Amino acid sequence: MNLYEAIFVRKSVRSYTNDVLSPQLLDKIREHFHELTGLFGGIATSMSILDNRKGQQKLLSLFSVKAPYYMAFYSEEAPRYLMNTGYLMEQMVLYLCSQGIGTCFIGSRRVRKELQSKDGRKLVGLVAFGKSKGPCTRKQAEANRLALDEICVFKEIPRQWVKQLLEAARLAPSSMNSQPWRFVVYDNRIHIFSKKHSAEQLKKWDEVNFGIMFANLMVAAEEAWLDVDLIRLEDISQKNFPNNQYVLSAILKA
């Protein structure tokens, strides 16, 4: 299974065995993170693996998903750093799924004070992982997601590979399954908006959610051998939309 295939079958795992993962596999996980490219350049990030097999992360185990391991993602604070970290987190989650390892995003940050920052970087998010007690995958049809026609406005008939990108984006996980993204679709470009909402907790995590979604979109583009630029178009960003906020545009090159 590659990363693209993992998009369609990966599920959140909330029940784990306490089995040990080999040092070689843990090293591969760390190495894979170091090989990743962020969504935005110039933002310093890092990832640490927390071992919880002996209950070292008691607060996490009490208030969130109890797992043998956690990945802790850190970033310097910079414009769009939350989106950038979400982009990296989803790539790691897909990689672990491709290796048969279960994962679950964690909204809680109840960790010891000394783990809340590292090398001047702020803890952004956590991912529980390990060997799942059941399957770490599901059928695509079992994903609880809005249909494409509920989140897309088609201004032109899109090419087939545009629909592939949208389907991968549609399946992205989000906090509380909020699915905040909305897409305005043309032949070779997708304008991406965030649905406005009043819940402050959801607003806080929207940038991370969008980073996760953009990771799915770009993995699908790579699978289809497509060049995609994610850019912010000034003529759209200056417009006022009553129910949505403009985020970025995906411009697909021929």
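Residues numbered from 1 in each chain as written. Predicted model: local features only at pLDDT ≥ 70, side-chain atom pairs only at ≥ 80, totals over all residues. Heavy atoms only, no water.

Going by what an unreviewed UniProt entry lists, the protein is known as Nitroreductase family protein and is assigned to Candidatus Scatomonas pullistercoris.

By size, the foremost hydrophobic cluster in this structure holds 46 residues, and its most contacted members are Phe 183, Met 213 and Phe 214. Going through the elements one at a time, helix H1 (3-9), helix H4 (81-98), helix H5 (148-151), helix H6 (160-170), strand E7 (181-185), strand E8 (189-195), helix H7 (200-223) and strand E10 (244-252) are the ones with two or more residues in this core. A total of 11 residues in this core trace back to one element, the largest contributor, which is H7. Aside from chain neighbours lying at most four places away, what touches Phe 214 is Leu 39, Met 83, Tyr 87, Ile 192, Leu 230, Val 247 and Leu 248. The next biggest cluster of nonpolar side chains, apart from the first, holds 20 residues, and it includes Leu 26, Met 89, Tyr 95 and Val 127. (Core = buried A, V, L, I, M, F, W, Y, C linked by side-chain atoms within 4.5 Å. Buried < 20%, exposed > 50% of the residue type's maximum accessible area, 1.4 Å probe, protein only. Helix = DSSP H or I, 4+ residues; strand = E, 2+ residues; numbered from the N terminus. Contact = heavy atoms within 4.5 Å.)

Inspection of the secondary structure puts Glu 90 in helix H4. Look at Glu 90: it is buried, it has no salt bridge, and the nearest opposite charge is Arg 10 at 5.1 Å. For Glu 90, the residues in contact, after removing those within four places along its chain, are Phe 105, Pro 173, Ile 212, Ala 215 and Asn 216. (Lys, Arg positive; Asp, Glu negative; His and termini not counted. Salt bridge = Lys/Arg side-chain N within 4 Å of Asp/Glu carboxyl O.)

This next bit is on the state of the cysteines. A complete count under the given rule lists 0 disulfides for this structure. Free cysteine: Cys 97, not disulfide-bonded; nearest cysteine sulfur from Cys 136 at 5.0 Å. (Disulfide = S-S within 2.5 Å.)

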